[in-house]
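Fold and geometry: a report
Residues per chain are reported as follows:
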Amino acid sequence: MDHRETTQSAPDAEIRVDRNGPYRVSHVKYFSNWLGEKLPVQERMALCRCGQSRNKPFCDGSHAATNFSGEKDPNRVPDRSDTYEGQQINIFDNRGICAHSGYCTDRLASVFHAGQEPFITPSGGRLDEIIQSVRACPSGALSYAIDQMEAQDQVNRDRPPRIEVSKDGPYRITGGVRLVDDRGQDVPRAEGSSREHFSLCRCGHSQNKPFCSGMHWYVKFADPVPTSEHEPTLFEWAGGFPALLRMTRIFYTKYVPEDPLVGPLFANMSPDHPERVAAWLSEVFGGPKFYSERYGGYSRMISQHVGKNIREEQRARWVHLLCKSADDARLPEGPEFRAAFVAYLEWGSRIGMENSQQNASPPPNMPVPRWWWVCEAKPGSRVSAVSPKEEVPASITVPELNEPVTFAQHIKPLFRSVDRESMRFAFDLWSLNDVRHHAPEILKRVENGSMPCDGAWPRDRVNTFRRWIDSGMAE
């Protein structure tokens, strides 16, 4: 078997690995977070790899203060390529460079088995789905062969050099970025490794530095968490552009070709149509203006429907199959997200069907719609029947008898985020003016247990709220 390494042409893009320091990046123009949003990029920049920087993903010198070591663990998983032979395809897997991102096990569990041996059952799924899962592997640990010919040229892709900062995980490198040590020499790769795409440790605990070995999951490495007042967009909650693109690719490659209703509608679409639809949904769901900047905005989208004479049964089938694709792509299943997601599909598909009729005159210069949560039903807006109960922080201090009671110090901390979201339809429990206006009714409800919705407050907290009212409701 020929395990040749494939090198994509990217002569200027380089990552230099300091021995016990950061990654020094040069000439990489595409730098993004896990949502696909652009991050500040410079011709040369230093990225943290010790996991301790207070300015993640950029280096702030913490590696020196923590005595970070960039050495490999001698007890790491061996660097070797294992072969799993199937009826139609052979799959190669190198556990030594696996970043444990779950792209294979989460999406094709009939073939890739988390925590089981054998890890791979090559004949356990459809050939096209297996190939898609192998190509999606961000660490380069997976490859495949058909008729005993390894298809590295099919696994690697021709794309520009890019660095993605994954969520609570490694840097995902694509596009053949050159990886060198502090002397400018190529960093050695394991057997079967890809030079076009690979994952680099960001938590500082990998056993196979500089490559990720999945230790970020075990050490609970995490990026800074947004404040409780941050309301995520549908774009963020879905998982950003990569998640939406995963869904649209499944839709156009798995469901559309074999469907007699929607298949004929998309027979002549451009090869990059899944990217275009994902860009449209990203913008509609509150993300960056990917569609407007790349393809031309609302008028461009409408032009793709003109004259198609879409029928109601085709429209309904389109919605149904896209929802199935969302399930396959593992988009969030929570009722809040799915309510908003399906609401847009129903609304948008009807607009598309209307504009596709022969007698239609689409209005010009319309803006790209921006979709939001439905009727304030967003994540955290209700008490889940299956989630752990959110307690009021034990650190809340009840004021002394002679101490002034203020909203910011004593009252606002009494309301949990779930309390706030549960009442947002009426008023904001973290707003001084709103709580002042509704104070008598709030006092009555926290005392008898009808608000918040899971029980009355303890007596000392009820008394604190009453004292605040009686003393003039200070800011």
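What counts and how
Residues numbered from 1 in each chain as written. Predicted model: local features only at pLDDT ≥ 70, side-chain atom pairs only at ≥ 80, totals over all residues. Heavy atoms only, no water. Helix = DSSP H or I, 4+ residues; strand = E, 2+ residues; numbered from the N terminus. Buried < 20%, exposed > 50% of the residue type's maximum accessible area, 1.4 Å probe, protein only. Contact = heavy atoms within 4.5 Å. Lys, Arg positive; Asp, Glu negative; His and termini not counted. Charge placed at Lys NZ, Arg CZ, Asp CG, Glu CD. Salt bridge = Lys/Arg side-chain N within 4 Å of Asp/Glu carboxyl O.

1. Observations concerning the overall build of the protein
The number of helices and strands found in the protein is 15 helices and twelve strands. Counting only C-alpha atoms and orienting by the principal axes, one finds that the protein spans roughly 80 × 70 × 45 Å. Scored against the burial criterion, the 475 residues of the protein give a buried share of 48%. Contacts spanning at least 24 positions in sequence make up 64% of the contacts within the protein whose residues lie at least 6 apart. A gap of 2 Å separates the mean positions of the 59 positive and 62 negative side-chain charges of the protein.

2. Considering the pattern of salt bridges
Scanning all chains against the criterion turns up 29 salt bridges. Between D82 and R80 there is a salt bridge; the shortest N-O distance is 3.0 Å. We classify R80 as partly exposed; its relative accessible area is 45%. When the shortest N-O distance is used, the salt bridge between R249 and E275 registers 3.0 Å. Of this pair, R249 sits in helix α6 (residues 240-255) while E275 sits in helix α7 (residues 273-284); the two residues are 26 residues apart in sequence, bridging distant segments of the chain. Residue classification places E275 among the partly exposed residues on the basis of a relative accessible area of 22%. Here the salt bridges do not stand alone but share partners, grouping E14, R16, R178 and D186 into one network.

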